[in-house]
Amino acid sequence: MERTLIIIKPDAVEKGAVGKILDRFIEEGFEIKALKMFRFTEDQAKRFYIVHKERPFYRELVDFMTSGPVVAAVLEGEDAIRRVREIIGPTDSEEARRTAPSSIRALFGTDKGRNAIHASDSKESADYEIPFIFSELEIL
Ligand code: IDP
Ligand code: MG
């Protein structure tokens, strides 16, 4: 069993897609081990995405992620990190609509930036991201 972090981004929360997205993961056989809604401060968003600090889109990413509330969850399942990345689809929602039409980013995202959902991309990322968002007492 493996655990991964997802964050339903401000665009998808605003669209009212939280329930549908969580349902999809439940249908795919994952168990929700932690769940909460919050809004990132600028400092928190910068630190969460620190690996991207030299990327040209860093500023845009931080602005987007602080633009409204998000919903984060810890999901558990076999091979969870890889399988959840597959279910969310490629980074660019337009590409996702061409190559992975049933993916979450194809269904709920707009483009490369506003792409509905984050998911940990490796064991290393999950080990940084889960305790960044959830304290020990908030995780089952
Ligand atoms: P990922 O979320 O699929 O792992 P990353 O390359 O790690 O994609 O980028 C992190 C996030 O930064 C993306 O989910 C997206 O919101 C944003 N992003 C990535 N590339 C661009 C871009 O070219 N323009 C604007 N935002 C971007
Ligand atoms: Mg990434």
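Please read all numbers here as calculations on a predicted model, not as lab measurements.

Draft legend 1. Quick peek at the site of ligand 1. Near ligand 1, the surroundings consist of Lys9, His52, Phe57, Glu60, Leu61, Arg85, Thr91, Arg105, Lys112, Gly113 and Asn115. Within the side chain of lysine 9, a nitrogen or oxygen atom sits 2.9 Å from an oxygen atom of ligand 1. Take arginine 85: an N or O atom from its side chain is 2.9 Å from an oxygen atom of ligand 1. Here ligand 1, which alone exposes 520 Å², has 83% of that area covered by the protein. Class assignment for the residues of the shell around ligand 1 results in two nonpolar, four polar and five charged.

Draft legend 2. Focus on the sheet that holds strand β2 (residues 31-38). The strand order β2-β3-β1-β4 describes an open sheet built from four strands, whose pairing is antiparallel. If you trace the sheet from one side to the other, it starts and ends with β2 and β4 (117-119), each paired once. Going across the sheet, the axis of each strand differs from the next one's by a mean of 15°, ignoring polarity. As paired strands, strand β1 (residues 2-8) and strand β3 (residues 70-77) are joined by seven bridges and run antiparallel to one another. Bridge pairing in β3 links isoleucine 7 to alanine 72. Running over the sheet, helix α2 (residues 18-27) touches β1, β2, β3 and β4 and is turned about 165° from β1.

Rules and cut-offs
Note that residues are indexed from 1 along each chain, following the sequence as it is written. Here the convention is simple: chains get letters from A, ligands get numbers from 1, in the order in which they are written. Under the rules for a predicted model, residues below a pLDDT of 70 receive no local features and side-chain atom pairs below 80 are neither given nor counted, while totals for whole chains, interfaces and linings still include all residues. Heavy atoms from the whole structure form the basis of all side-chain values; hydrogens and water molecules are not counted. Throughout, the term near means that a residue has one or more heavy atoms lying within 4 Å of the molecule or strand in question. We call two N or O atoms a polar contact when they sit within 3.5 Å, provided that within protein one can donate a hydrogen and the other can accept it, with sequence-adjacent residues counted only if both atoms are side-chain atoms. Method for areas: the Shrake-Rupley scheme with a 1.4 Å probe, in which residue coverage is limited to the protein chains shown. Amino acids outside the nonpolar list (Ala, Val, Leu, Ile, Met, Phe, Trp, Tyr, Cys, Pro) and the charged list (Asp, Glu, Lys, Arg) are all regarded as polar, and Gly is one of them. At least two DSSP bridges between two strands are needed for those strands to be called paired. Think of it this way: any DSSP run of H or I at least four residues long counts as a helix, any run of E at least two long counts as a strand, and we number them from the N terminus. All axes here are fitted lines through C-alpha atoms, helices being fitted over the stretch that makes contact, and every angle between N-to-C directions spans 0 to 180 degrees. Working rule for contacts: check all heavy atoms of both residues, and any pair within 4.5 Å makes them a contact.

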